[in-house]
Amino acid sequence: MRPLPTLLFPLALAACVAPLQGSMRPAPGELSFSPSPTSAKVVFMRPDRWVGGGLNAMLFDGVRGQVFGKSVNDSVFVAELEPGDYLVCPAPLLVDEDRRYGPEWARARGIVAPVTRLSVAAGKTYLVKVAVNWGPVVTALPVRPGSLREELALKELPHLRRSELLPDLPDNPERNLFRDPKVLSRWFDFCLDSSGDDLRLKVRPEDGR
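Residues numbered from 1 in each chain as written. Predicted model: local features only at pLDDT ≥ 70, side-chain atom pairs only at ≥ 80, totals over all residues. Heavy atoms only, no water.

Enquirer: Any chance you could explain the sheet that holds strand S10 (residues 161–165) here in plain terms?
Expert: In a beta sheet, neighbouring strands pair by backbone hydrogen bonds and run either parallel or antiparallel. In space, the six strands of this open sheet follow the order S1-S10-S5-S2-S8-S9, with mixed pairing throughout. Each edge of the sheet is formed by a strand with only one pairing partner; in this case those strands are strand S1 (24–26) and strand S9 (137–142). Taking each pair of neighbouring strands and ignoring which way they run, the sheet shows an average axis angle of 30 degrees. Here three bridges tie S1 to S10, and the two strands are oriented antiparallel to one another. Looking at the pairing, Pro 26 lines up with Ser 163 of S10. Set on the sheet, helix H3 (residues 148–156) makes contact with strand S2 (40–46), strand S8 (125–133) and S9; between it and S8 the angle comes to about 85 degrees. (Pairing = 2+ DSSP bridges. Helix = DSSP H or I, 4+ residues; strand = E, 2+ residues; numbered from the N terminus. Axes fitted to C-alpha atoms, helices over the stretch in contact; angles between N-to-C directions. Contact = heavy atoms within 4.5 Å.)

Enquirer: Where do I start with the pattern of salt bridges in this structure?
Expert: Between side chains of opposite charge, a pair can form as their charged atoms come close. Overall, the coordinates contain 14 salt bridges when judged by the stated rule. The residue Arg 25 makes a salt bridge to Glu 164 at a minimum N-O spacing of 2.6 Å. Of this pair, Arg 25 sits in strand S1 while Glu 164 sits in strand S10, placing them 139 residues apart in sequence. Overall, Arg 25 belongs to the partly exposed group, its relative accessible area being 34%. (Salt bridge = Lys/Arg side-chain N within 4 Å of Asp/Glu carboxyl O. Buried < 20%, exposed > 50% of the residue type's maximum accessible area, 1.4 Å probe, protein only.)

Enquirer: Which parts of the structure should I look at to understand the pairing of strand S3 (residues 55–61)?
Expert: Regular strands place their side chains on alternate faces of the sheet. Of all seven residues that make up S3, seven are buried, and the element is covered over most of its length. Every second residue of S3 is oriented toward a common face, with Leu 55, Ala 57, Leu 59 and Asp 61 on one face and Asn 56, Met 58 and Phe 60 on the other, all of them buried. By the bridge criterion, seven bridges tie S3 to strand S6 (residues 84–94) in an arrangement that is antiparallel. Counterpart to Met 58 in the pairing with S6 is Ala 91. In terms of strand pairing, S3 meets strand S4 (residues 67–71) through four bridges, oriented antiparallel. Bridge pairing links Leu 59 to Gly 69 in S4.

Enquirer: Could you clarify how one ought to interpret the state of the cysteines in this entry?
Expert: Disulfide: a covalent bond connecting the sulfur atoms of a pair of cysteines. For the structure shown, the criterion picks out one disulfide. Shown here is the disulfide that connects Cys 89 with Cys 191, its sulfur atoms set 2.0 Å apart. Sign of the S-S torsion, about 55 degrees for the bond between Cys 89 and Cys 191, identifies this disulfide as right-handed. Of the two residues, Cys 89 sits in strand S6 while Cys 191 sits in helix H5 (residues 181–194), which places them 102 residues apart along the sequence. (Disulfide = S-S within 2.5 Å.)

Enquirer: What's the story with the nonpolar core in this structure? I'm lost.
Expert: Nonpolar side chains in soluble globular proteins tend to end up buried together. The biggest cluster of nonpolar side chains holds 42 residues, and the ones touching the most others in it are Phe 44, Phe 68, Leu 118 and Trp 187. Apart from the residues within four sequence positions on either side, Phe 44 is in contact with Leu 59, Phe 68, Ser 75, Val 76, Phe 77, Ala 79, Val 128 and Val 130. (Core = buried A, V, L, I, M, F, W, Y, C linked by side-chain atoms within 4.5 Å.)

Enquirer: Please explain the packing of aromatic side chains as it appears in this structure.
Expert: Aromatic ring pairs are defined here through the distance separating the ring centres and the angle between the ring planes. Under the criterion given, the structure shown has five aromatic pairs. Ring centres 6.0 Å apart and planes at 15 degrees place the aromatic pair Phe 44 and Phe 68 in the stacked group. Taken together, the positions of Phe 44 in strand S2 and Phe 68 in strand S4 put the pair 24 residues apart, joining distant regions of the chain. Residue classification places Phe 68 among the buried positions, given a relative accessible area of 4%. With centroids separated by 6.4 Å and ring planes inclined at 55 degrees, the aromatic side chains of Phe 60 and Phe 178 adopt a geometry described as tilted. Placement of the pair is Phe 60 in strand S3 and Phe 178 in the loop between helix H4 (173–177) and H5, with a sequence separation of 118 residues. The class for Phe 178 is buried, based on a relative accessible area of 3%. Between the NZ or CZ atom of Arg 64 and the centre of the ring of Tyr 86, over which it lies, the distance is 3.9 Å. (Phe/Tyr/Trp six-rings, centres within 6.5 Å; stacked < 30°, edge-to-face > 60°. Lys NZ or Arg CZ within 6 Å of the ring centre and 35° of its normal.)

Enquirer: Would you explain the sheet that holds strand S7 (residues 116–120) in this entry?
Expert: The strand order across the open sheet built from five strands is S4-S3-S6-S7-S11, with neighbouring strands paired in mixed fashion. Every interior strand has two partners, whereas the edge strands, S4 and strand S11 (202–203), have only one. Bridge count for S6 against S7 is five bridges, and the pairing is antiparallel. Along S7, the bridge assignment pairs Gly 84 with Val 120. The strands touched by H5 within the sheet are S3, S4 and S6, with S6 carrying the most contacts at an inclination of about 95 degrees.

In C-alpha cells:
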C-alpha cells in the first residue's frame, strides 16, 4: 500500500485554526452576492474540512495578474469581475505566514493545482467551491445551478466566515509578494503544468444566476 504523503498530516492537524491574516481580513458586514448590471460576481467558498485545512489557496488570474483573494478553510469571499474570460490559478500556501513557499516547494511535495477557466457575464453571480483533496490536489470547482452540489453549498454558505482582500499596503508582505509579476508568472506556470483537459474546471456564462 502506498504511504500517505507526510505533508497531509500537518495540514490535517491545522484544520479549523487558519486565521484570516496575510492577504485577508474579516469582512466588516454581510457580503453582497448580487452583481451589478455591468459586472459579474464570483463567490469563492471554502467549507470547513479536516483534510487539507492547513493549505490556503491564493486565487489570481494568470493572464491579467489580478489577485482575487486567499481561500482559507471555513471562509468565503467575493470577487467582482468585468465580463470576459479568466484563467484562475489556486496557488497553494501553508498557513505558516512567517515563511514564504514557492512553486518549487509545492512541486517537490507532489501538490497539484489545476487552472480553472472562468467565462463570466455581466449581471450574474457564480459560485466556485475551493477544496484541498488527497494528493494533495487544490481545486476551484464550479458549482452548477440546479445541481446537488449547489444545494449542499447553499446550506454551508451562511455558516462560513465572511472575508475580504486587504488593500495594497506597504507593510503587508504577502500582498506585496503577489503584486510581483515574476511571482505570479512562476505560480501560473505551476498551475498550467498541473492542468489537463478537465471539463469540471470550467465556468460558462450560463452557470451564473
